[in-house]
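As a plain string of letters, each chain reads:
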Amino acid sequence: MTPRATPSNAGEGPGSDGIPWYLGAVLFASTSVVVGVIWDISWHRTIGRDSFWTPAHVAIYAGGLAAGLSCGWLALKTTFGGTGPEVGRSVRIWGLRAPLGAWLGIWGAIAMLTSAPLDDWWHNAYGLDVEILSPPHVVLAMGIDAIQLGALLMALSWQNRASRARRRRLCFAYAYGAGMLLLAMAVLTMERSFPNDWHGAEFHMISAGVYPVVLFAVGRAGRLPWPATWASLIYTAVTLAMMWILPLFPAEPMLAPIMRSVDAMVPPPFPLLLILPAVGIDMLLQRTSGSDRAPPRRSRDWGIAALGSIVFVGVFGVAHWYFGEFMLSEGARNYFFQGDQWGYFSAPGPWQYEFWHGGRFAGGDFSASHFWARAVWALPIGFVSARAGLSMGNWMREVRR
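These numbers come from a predicted model, not from an experiment. (Residues numbered from 1 in each chain as written. Predicted model: local features only at pLDDT ≥ 70, side-chain atom pairs only at ≥ 80, totals over all residues. Heavy atoms only, no water.)

Quick look at helix α1 (residues 21–46)
In plain terms, the rule: In this text, helices come from DSSP runs of H or I with a minimum length of four residues, and strands from runs of E with a minimum of two, each type numbered from the N-terminal end. Helices are assigned an expected span. That span is 1.5 Å times one less than the residue count. Throughout this description, buried means an accessible area under 20% of the type-specific maximum (1.4 Å probe, protein chains only), exposed means over 50%, and partly exposed covers the range between.
Relative to the 38 Å expected for 26 residues at 1.5 Å per residue, α1 spans 36 Å between its end C-alpha atoms, a close match to the ideal helical length. Taken across its 26 residues, α1 has 22 buried, putting it largely inside the fold. Downstream of α1 by a residue or two, Gly48 has a phi angle that is positive, lying close to 95°.

Details of the environment of Ala375
Positionally, Ala375 belongs in helix α11 (residues 368–375). Under the relative-accessibility criterion, Ala375 is labelled buried at 9%. Distance from Ala375 to His199, taken between C-alpha atoms, is 9.8 Å for residues 176 residues apart in sequence.

Some details on a nonpolar patch on the surface
Cut-off, in case you're wondering: Nonpolar side chains (Val, Leu, Ile, Met, Phe, Trp, Tyr) are joined into patches within 5 Å and like charges within 9 Å, using only residues with over 30% relative accessible area and no salt bridge. Method for areas: the Shrake-Rupley scheme with a 1.4 Å probe, in which residue coverage is limited to the protein chains shown. A carboxyl oxygen of Asp or Glu within 4 Å of a side-chain nitrogen of Lys or Arg is what we treat as a salt bridge.
A surface patch of nonpolar side chains, about 480 Å² in accessible area, is lined by Leu307, Ile310, Val376, Trp377 and Leu379. With respect to the helices and strands, Val376 occurs in the loop between α11 and α12 (378–397).

A short note on the environment of Leu104
Counting through the fold element by element, Leu104 comes out in helix α4 (residues 100–126). As for Leu104 and Gly68, which are separated by 36 residues in sequence, their C-alpha atoms are 9.5 Å apart.

Some details on the pattern of salt bridges
One pass over the full model with this rule turns up three salt bridges. Of the charged contacts in the structure, one is a salt bridge between Arg220 and Asp301, with a shortest N-O distance of 3.1 Å. You can see Arg220 sitting in helix α7 (residues 201–221) and its partner Asp301 sitting in helix α10 (residues 300–327), a full 81 residues away along the chain. By relative accessible area, which is 0% here, Arg220 ends up buried.

Quick word on the packing of aromatic side chains
Note the threshold: Between the rings of Phe, Tyr and Trp (Trp by its six-membered ring), a pair exists once the centres lie within 6.5 Å; its type follows the angle of the planes, with under 30 degrees stacked, over 60 edge-to-face, and the other angles tilted.
In this structure the tally under the stated criterion is 25 aromatic pairs. Considering the side-chain rings of Trp244 and Phe336, the 5.3 Å spacing of their centres and the 40° angle between planes classify their relative orientation as tilted. On the criterion of sequence distance, the pair formed by Trp244 in helix α8 (residues 227–245) and Phe336 in the loop between α10 and α11 is long-range, its members being 92 residues apart. Under the relative-accessibility criterion, Trp244 is labelled partly exposed at 24%. Pairing Trp302 with Phe383 gives two aromatic rings, centres 6.1 Å apart and planes at 35°, and the pair type is tilted.

Looking at the packing of helix α2 (residues 55–81) against α4
Defined as follows: Angles run from 0 to 180 degrees between N-to-C directions of axes, and those axes are lines fitted to C-alpha atoms, restricted for helices to the stretch in contact. By the definition used in this description, the sense in which the near helix is turned from the far one sets the handedness, with an anticlockwise turn below a right angle giving left-handed and a clockwise turn giving right-handed. Note on contacts: a residue pair qualifies if any of its non-hydrogen atoms lie within 4.5 Å across the two residues. Three categories are distinguished: nonpolar for Ala, Val, Leu, Ile, Met, Phe, Trp, Tyr, Cys and Pro, charged for Asp, Glu, Lys and Arg, and polar for the others, with Gly belonging to the last.
Between α2 and α4, the least distance of the axes is 8 Å, while the angle of their chain directions is 145°. In this structure, α2 crosses over α4, and the sense of that crossing is left-handed. Only Ala102, Gly105, Ile106, Ala109, Met112, Leu113, Ser115, Ala116 and Asp119 of α4 make contact with α2, whose side of the interface consists of His57, Ile60, Tyr61, Gly64, Leu65, Ala67, Gly68, Cys71, Gly72, Leu74 and Ala75. A breakdown of the residues in the contact of α2 with α4 according to their chemical character gives 13 nonpolar, six polar and one charged.

Some details on unusual backbone geometry
At Trp94, a residue that is not glycine, the phi angle is positive and equals roughly 55°. Residue position: Trp94 is located in the loop between β1 (91–93) and β2 (96–98). Judged by relative accessible area, Trp94 falls into the exposed class, the value being 87%. In this structure, Trp226 takes a positive phi of about 60° despite not being glycine. For Trp226, the location among the structural elements is in the loop between α7 and α8.

Looking at the packing of α2 against helix α5 (residues 135–161)
Convention followed: In this scheme, roughly parallel covers angles under 35 degrees and roughly antiparallel covers those over 145, while 65 to 115 is roughly perpendicular and the rest are oblique.
Following both chains from N to C, one finds α2 and α5 inclined at 50°, their axes separated by 11 Å at the closest point. Of the possible angle classes, the one that applies to α2 and α5 is oblique. As for how α2 packs across α5, the hand of that crossing is left-handed. Contact residues: α2 offers Ile60, Tyr61, Gly64, Ala67, Cys71 and Leu74, while α5 offers Leu140, Ile147 and Met154. Across the contact of α2 with α5, the residue classes tally to eight nonpolar, one polar and no charged.

Next up, the structure:
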């Protein structure tokens, strides 16, 4: 299996300047799944677990079905009726042929649909859950991430094959897929990313491990100007839309114990300021790479990763340190910032307005020496993440299948 171009996949047929319907379907699936997950978390924090057939669950599994059906159709069509170029830009698995991204979409759909009965059993057995990463949710998350990555790779292969004159829409499709992947990663780490966590070393170490790999891969492989910035903008826009739309719907808890009054859907926290380090990463890649974003020598990627880790950890850390202080103040307790929004199962207390230096929901005293002794590990973690992202981006630049 190789993603490199071959003579049979170098050309495209009529209409290849647009977005093929199955790529649109996978991008829709990617959006439906991650929006459904954010909606489901809000549902749990507002109403509690009341039925498997909630609108949020329907959105999640509709996305899985859309990805599975569209990618499955593409595999059957390519295998049994594909043209020479279509077969040439496919990957063969178990005698069937499909683009690499379609295989990931199919696998993700199977994992998601498998997790559904397991998730229903888990909730019926244990009732109320406040943990995102329960075993069924881990299976679901693996399926969701596979669909996100599959959508990204499908958009990427089309972007890389398109001529310069036909590339713009496909470049935006790729940036959109990257934004959805960023959003999925942010949802997975949401439990450790509340504004109360932003003065904690754990938050900075987790962020340094999760986000640079995506931002550097997107920045290296994207053909748009400022690809990492575009991806972070899409992540920010979708998160803000969910944060502003959900509280417009009245709702109330239906599952005891009810520790506080809630009369509307609880929104997700304000999005992380990923756009700031993303701008820095794009600028770094522009200055250290060639005109097509490829470095003159791949060995330079070690230095770029080291500098990139400093850029990400420095810009991201300083921004969240000071913005966190604002998010815990009265100035953020309004519709625009949606500060101080908690689920019905969280008893009111002073912990809402404090940084959790002493652990989850515990204020504790801040110790600069203790913080720096742990937070400094964000730099090597960020370096490994950035280097992995550059390697992934170099590979993604060659993807044609």
